[in-house]
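# Summary of the model geometry
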Amino acid sequence: MNLTLTGGEPFLREDFFEIASFARDKGFSLNILSNNTLITEENIEKLKELNCELRITLYGLTAKAHDSITQTKGSFDKAIKGIKLLEKYRIPFSIAVVVMKQNFFEIERLQRDLKKKKWRFRNDFVLYPTSGGSPAPLEYRVSEKQLEEATKNRLLDNRDGLSRNVDKEMALSDIGRLTGYISSRGKVYPSLFLKIEVGDLRKGSFRDIWNYSSKLNWLRDLKLKDIPCFNCPYNQDCNRDLGLIRDENGNISVASEWCRVMEARKEVNK
């Protein structure tokens with residue numbers, strides 16, 4: 001079983017290594033999502049002992065581009081310094097490049113640079129509302145013109161978001177079956193983006209929630225015809241789990257941004 005620790009920034013927690021070590025002792029494979037600014041010579045040995053993998057967010061090829069998005073001066077230099085430590089100590093990592101209208105102009109150069117360094121990476125063009133439901137991040141999504149350019153220049157990962165194993169009848173594929181999400185307050189959800197609370201670890205065990213939650217079983221029984229994806233021409237190729245959200249009316253819906261990017265990915269595959 002794989003456990004992913006994310007935040008905010010996980011390394012801000014003073015008890016991070018206690019939590020991570022506990023997870024490893026329980027037999028979990030461990031991934032950590034981080035901005036990589038807090039990796040130092042002082043904690044790198046502890047990190048190596050965890051035998052884990054990191055996924056690091058980069059927003060640009062330069063400090064100017066990266067720091068303008070993080071709004072933290074020096075964050076780019078700290079992230080790169082941390083990456084060099086990971087390389088030095090041979091700790092596995094990959095780069096997540098979040099593509100926005102502000103940094104789109106250098107994504108192609110960044111991609112070439114990452115390939116040259118032989119760093120594994122993925123361009124992520126999909127922006128979601130915040131965990132609290134605010135649509136504010138959506139104003140930073142790439143324009144139609146930029147998405148067309150990304151398609152033309154094959155900047156989109158033509159595999160990400162596609163699935164050959166999507167059930168032809170069920171609405172959900174993996175979420176609620178193979179994957180789940182636990183918030184910092186112990187709330188259990190089918191996924192990070194499909195915010196339908198199916199249980200609370202302060203009131204019951206994960207085992208009981210996973211096996212007996214009425215909401216979770218209802219989600220597992222949803223058919224494709226019950227969600228907007230039913231009439232989509234890409235519904236048999238798209239990993240729709242990644243795009244499902246709870247809309248403002250409380251219904252299961254799909255993020256329009258996910259559909260927009262998926263259509264572009266299909267064009268790349270033609």
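Just above sits the structure.
Figured I'd write up the structure that's included with this text.

How each quantity is defined
Residues numbered from 1 in each chain as written. Predicted model: local features only at pLDDT ≥ 70, side-chain atom pairs only at ≥ 80, totals over all residues. Heavy atoms only, no water. Helix = DSSP H or I, 4+ residues; strand = E, 2+ residues; numbered from the N terminus. Rg over C-alpha atoms; globule rule 2.2 N^0.38 Å. Buried < 20%, exposed > 50% of the residue type's maximum accessible area, 1.4 Å probe, protein only. Right-handed = clockwise from strand over helix to strand, strands pointing away. Pairing = 2+ DSSP bridges. Axes fitted to C-alpha atoms, helices over the stretch in contact; angles between N-to-C directions. Parallel < 35°, antiparallel > 145°, perpendicular 65-115°, else oblique. Contact = heavy atoms within 4.5 Å. Nonpolar A, V, L, I, M, F, W, Y, C, P; charged D, E, K, R; others polar. Phe/Tyr/Trp six-rings, centres within 6.5 Å; stacked < 30°, edge-to-face > 60°. Lys NZ or Arg CZ within 6 Å of the ring centre and 35° of its normal. Patch = residues over 30% accessible without salt bridge, like charges linked within 9 Å, V, L, I, M, F, W, Y side chains within 5 Å. Areas by Shrake-Rupley, 256 points an atom, 1.4 Å probe, with all protein chains shown as cover. Salt bridge = Lys/Arg side-chain N within 4 Å of Asp/Glu carboxyl O.

Per the secondary structure count, the chain includes nine helices and 10 strands. A compact globule built from 270 residues should have a C-alpha radius of gyration of about 18 Å, and the chain, at 19 Å, falls within 12% of that. Here the C-alpha coordinates of the chain stretch approximately 50 × 45 × 30 Å along the principal axes. Split into buried and exposed, the 270 residues of the chain put 45% on the buried side.

The alternating pattern of strand S2 (residues 29-34) places Leu30, Ile32 and Ser34 on a buried face, while none of Ser29, Asn31 and Leu33, on the opposite face, is buried. Each parallel crossover has a hand, and for strand S1 (residues 2-5) linked through helix H1 (residues 16-25) to S2 it is right-handed. Bridge count between S2 and strand S3 (residues 53-58): four bridges; the pairing is parallel. What sits directly across from Ile32, in S3, is Leu54. Crossover connection from S2 via helix H2 (residues 44-50) to parallel S3: handedness right-handed.

Quick look at the packing of helix H3 (residues 63-70) against helix H4 (residues 75-88) now. For the pair H3 and H4, the least separation of the axes is 8 Å and the interaxial angle reads 110°. Compared by their axis directions, H3 and H4 come out roughly perpendicular. Of H4, the residues touching H3 (which contributes Ala63, His66, Asp67 and Thr70) are Ser75, Phe76 and Asp77. The residue inventory of the contact of H3 with H4, partitioned by class, reads two nonpolar, three polar and two charged.

Applying the stated rule across the entire model yields six aromatic pairs. Through a chain of ring-to-ring contacts, the aromatic side chains of Phe11, Phe16 and Phe17 assemble into a single cluster. Residue placement shows Lys195 over the ring face of Tyr189; its charged tip is 5.5 Å from the ring centre. We note Arg220 situated over the ring of Trp210; from NZ or CZ to the ring centre the distance is 5.0 Å.

For Lys64, the location among the structural elements is in helix H3. For the pair Lys64 and Ala23, spaced 41 residues apart in sequence, the C-alpha to C-alpha distance is 37 Å.

With that out of the way, let us pick up a nonpolar patch on the surface. There is a patch of nonpolar side chains on the surface, built from Ile182, Leu201 and Phe206 and spanning about 230 Å² of accessible area. Mapping Phe206 onto the fold places it in helix H7 (residues 206-212).

These results come straight from atomic positions and should not be treated as a statement about function.
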